[in-house]
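The chain contents come next:
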Amino acid sequence: MLADLKGQKVAVHFLDGTSVRDGVLEELDERFVKYRTEYQVLYIPITSIRAVALETKERERPRVGFGQ
């Protein structure tokens, strides 16, 4: 399944609750994923990944304040 996301901008969520976002899955094999952001290249073990999220649409920000 991860092979389908190769080359796309995704967020990776880890088992410890942290995450990285705004990066691209560049390469993957049965043990590691190569993930590149603007500032770094990460080699992530598959066993430490909880979820991979592909953002398909930008979220609308809620309006703040009072008004009609």
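Not measured: the values here are computed from a predicted model. (Residues numbered from 1 in each chain as written. Predicted model: local features only at pLDDT ≥ 70, side-chain atom pairs only at ≥ 80, totals over all residues. Heavy atoms only, no water.)

*Asks:* Explain the pattern of salt bridges to me, using residue names and the numbers behind them.
*Replies:* With the rule as written, the count across this model stands at four salt bridges. Where E55 meets R21, a salt bridge forms, and the shortest distance between an N and an O atom there is 3.3 Å. Taken together, the positions of E55 in the segment after strand 5 (49-54) and R21 in strand 2 (residues 19-28) put the pair 34 residues apart, joining distant regions of the chain. Look at E55 and you get exposed, because its relative accessible area is 57%. With a relative accessible area of 44%, R21 lands in the partly exposed category. (Salt bridge = Lys/Arg side-chain N within 4 Å of Asp/Glu carboxyl O. Helix = DSSP H or I, 4+ residues; strand = E, 2+ residues; numbered from the N terminus. Buried < 20%, exposed > 50% of the residue type's maximum accessible area, 1.4 Å probe, protein only.)

*Asks:* An account of the sheet that holds strand 2 is needed here, citing residue identities and associated values.
*Replies:* The strand order across the open sheet built from five strands is 4-3-2-1-5, with neighbouring strands paired in antiparallel fashion. Since the sheet does not close on itself, it has two edges, and those belong to strand 4 (41-45) and strand 5, each with one partner. Going across the sheet, the axis of each strand differs from the next one's by a mean of 45 degrees, ignoring polarity. (Pairing = 2+ DSSP bridges. Axes fitted to C-alpha atoms, helices over the stretch in contact; angles between N-to-C directions.)

*Asks:* Can you tell me about the nonpolar core, naming the residues and giving the values?
*Replies:* Grouped together as the largest cluster of nonpolar side chains are 10 residues: L5, V10, V12, F14, V20, L25, V33, Y35, I44 and I49. Mapped by element, the contributors of at least two residues to this core are strand 1 (9-14), strand 2 and strand 3 (32-36). When residues of this core are assigned to their parent elements, the largest contribution, three residues, is made by strand 1. When sequence neighbours within four positions are dropped, the list of residues in contact with F14 reads S19, V20, I44, S48 and R50. (Core = buried A, V, L, I, M, F, W, Y, C linked by side-chain atoms within 4.5 Å. Contact = heavy atoms within 4.5 Å.)

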